[in-house]
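Secondary and tertiary structure notes
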Amino acid sequence: MENVGLLLIFWYGVLHAFGPDHLTAIADFSIGKNKKKTMLITTLFALGHGLSLFVFAKILESYHVSEAILGYGDLISSLVILSIGIYLLFMVFTDRIGLKKHTHDGREHLHVFFGKEHTHDSRDTASAFTIGALMGIGGVRGMLITLGVIEGQSVDFVMVLAFTLGVMSIFVGFGLVILYINKNLLNSKQNLRRVFATAGVVSVVVGSNMLVG
């Protein structure tokens, strides 16, 4: 029964990762990044998601929380996606997204940056982990319901690991799709604006739909 339960949790992670809010967040953070950064972002997003879910699931095992309060988890996820979308659209329409060519070891690379100057930092990867953790709050109820199928079991690290691996498998796969877009479409400032404007609009639509739903 234990192996079946872990497989069920893994499969729930796979299905959970296909949520439009998750894929939208991955796209928003991964567009314009190189392969290494994209894979790191998708992995950190999944880890943040799993860690947050584990912490809040353990809390809910010990303390009763009303459905009304649990609903705030979905509200947080909605606001996160909506805010990202608004931010991206603001950056596009104020022309604050730049494209700069670099040559490393004889190979030309395109770098996308926000603001007036191109800088190398780890803020986007740290943000991916944080956003993943915030959005994990919204998945707590669903995972606890799934865990209810495993009678007599409580949330433990192995279960959350199985869930996180399921989520990660989809996030990394979607990251590869974003890498294709980065390589083949982000070759001009005009295309850059179009891709980020599309990502912004999708984020606003998804976030708004989650709020009203």
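Numbers given to residues run from 1 along each chain, matching the order in which its sequence is written. Confidence filtering applies because this is a predicted model: local features only for residues at pLDDT of at least 70, side-chain atom pairs given and counted only at 80 or more, and all residues used for totals across whole chains, interfaces and linings. Hydrogen atoms and water are omitted, and side-chain values are computed over all heavy atoms in the structure.

**Some remarks on the overall build of the protein**
Across its full length, the protein carries eight helices and two strands. Only DSSP runs of H or I reaching four residues or more are called helices, and only runs of E reaching two or more are called strands; each is numbered from the N terminus. Secondary structure elements of the protein, listed N to C terminal, follow the sequence α-α-α-α-β-β-α-α-α-α. Exposure classes here rest on a 1.4 Å probe applied to the protein chains alone. A residue is buried below 20% of its type maximum, exposed above 50%, and partly exposed in between. Taking all 213 residues of the protein together, the buried fraction comes to 44%. In this analysis, two residues are considered to be in contact whenever any of their non-hydrogen atoms come within 4.5 Å of each other. In the protein, once contacts between residues fewer than 6 apart in sequence are set aside, the share between residues at least 24 apart is 79%.

**Topic: the side chain of Ser 52**
Relative to the elements of secondary structure, Ser 52 occurs in helix α3 (residues 35–62). Aside from chain neighbours lying at most four places away, what touches Ser 52 is Ala 133, Gly 136 and Ile 137.

**Structural notes on the environment of Pro 20**
Position of Pro 20 relative to the elements: it lies in helix α2 (residues 20–30). The exposure class of Pro 20 is exposed, given its relative accessible area of 52%. Sequence separation of Pro 20 and Ser 203 is 183 residues, and the distance between their C-alpha atoms is 9.0 Å.

**Points about unusual backbone geometry**
We note that Asp 95 has phi near 55°; this positive angle belongs to a residue other than glycine. Examined against the element boundaries, Asp 95 turns out to sit in the loop between α4 (67–93) and β1 (97–104). Under the relative-accessibility criterion, Asp 95 is labelled partly exposed at 47%.

**Here we look at the nonpolar core**
For soluble globular proteins, the rule of thumb is that nonpolar side chains tend to be buried together. By convention a nonpolar core is built from buried Ala, Val, Leu, Ile, Met, Phe, Trp, Tyr and Cys residues, the set being connected through side-chain atoms within 4.5 Å. Ile 31, Phe 45, Ile 97, Ile 131, Met 135, Phe 171 and Phe 196 are the most contacted members of the largest nonpolar core, which totals 39 residues. The greatest single-element share of this core, amounting to seven residues, is contributed by helix α7 (residues 157–184). Once residues lying within four places of it in the same chain are set aside, the contact partners of Ile 31 are Ile 178, Asn 182, Leu 186, Val 195, Phe 196 and Ala 199.

**Brief notes about the packing of aromatic side chains**
In this scheme Phe, Tyr and Trp rings, the latter by its six-membered ring, pair at centre separations within 6.5 Å, and the angle between planes marks the pair as stacked below 30 degrees, edge-to-face above 60, and tilted otherwise. In the structure shown here, the tally under the stated rule is two aromatic pairs. Ring geometry for Phe 45 against Phe 171: centres 5.3 Å apart, planes inclined by 70°, an arrangement best described as edge-to-face. Pair noted here: Phe 45 is in helix α3 and Phe 171 is in helix α7, with a separation of 126 residues, a long-range link. By the burial criterion, Phe 45 is buried, and Phe 171 matches it.

**With respect to helix α8 (residues 189–212)**
The span one expects for a helix is its residue count, reduced by one, times 1.5 Å. The end-to-end C-alpha distance of α8 is 34 Å, a good match for the 34 Å that 24 residues give at a rise of 1.5 Å each. Among all positions in α8, only Leu 192, Val 195, Phe 196, Ala 197, Ala 199, Gly 200, Ser 203, Val 206 and Gly 207 are buried.

**Describing the side chain of His 49**
As for its placement among the helices and strands, His 49 is situated in helix α3. Any pair of nitrogen or oxygen atoms within 3.5 Å is treated as a polar contact; in protein, a donor-acceptor pairing is required on top of that, and neighbouring residues in sequence qualify only through side-chain atoms on both sides. A polar contact of 3.3 Å, which involves the side chain of His 49, links it to the side chain of His 22. Once residues lying within four places of it in the same chain are set aside, the contact partners of His 49 are His 16, His 22, Gly 132, Ala 133, Met 135, Gly 136 and Phe 163.

**Quick notes on a nonpolar patch on the surface**
Patches draw on residues past 30% relative accessible area with no salt bridge. Two like charges within 9 Å are joined, as are two nonpolar side chains (Val, Leu, Ile, Met, Phe, Trp, Tyr) within 5 Å. Computed with a 1.4 Å probe, the accessible areas rest on the Shrake-Rupley method; for each residue, only the protein chains presented here act as cover. Within this document, salt bridges are pairs made up of a side-chain nitrogen of Lys or Arg and a carboxyl oxygen of Asp or Glu, the two lying within 4 Å of each other. Together, Leu 47, Leu 51, Val 55, Phe 56, Ile 59, Tyr 63 and Phe 129 give the surface a local cluster of nonpolar side chains, amounting to about 620 Å² of exposed area. The element that contributes the greatest number of residues to the nonpolar patch is α3, accounting for five residues. By secondary structure assignment, the location of Tyr 63 is in the loop between α3 and α4.

**Observations concerning the pattern of salt bridges**
In total, this model carries two salt bridges according to the counting rule given. The salt bridge partner of Asp 95 is Lys 189, with a shortest N-O separation of 3.1 Å. Note that Asp 95 is positioned in the loop between α4 and β1 and Lys 189 in helix α8, a separation of 94 residues in sequence. What makes Lys 189 partly exposed here is its relative accessible area of 33%. Put simply, Arg 193 and Asp 95 hold a salt bridge, and the shortest N to O gap is 3.6 Å. Placement of Arg 193 in helix α8 and of Asp 95 in the loop between α4 and β1 is noted, with a sequence separation of 98 residues between them. Owing to a relative accessible area of 30%, Arg 193 belongs among the partly exposed residues under this scheme.

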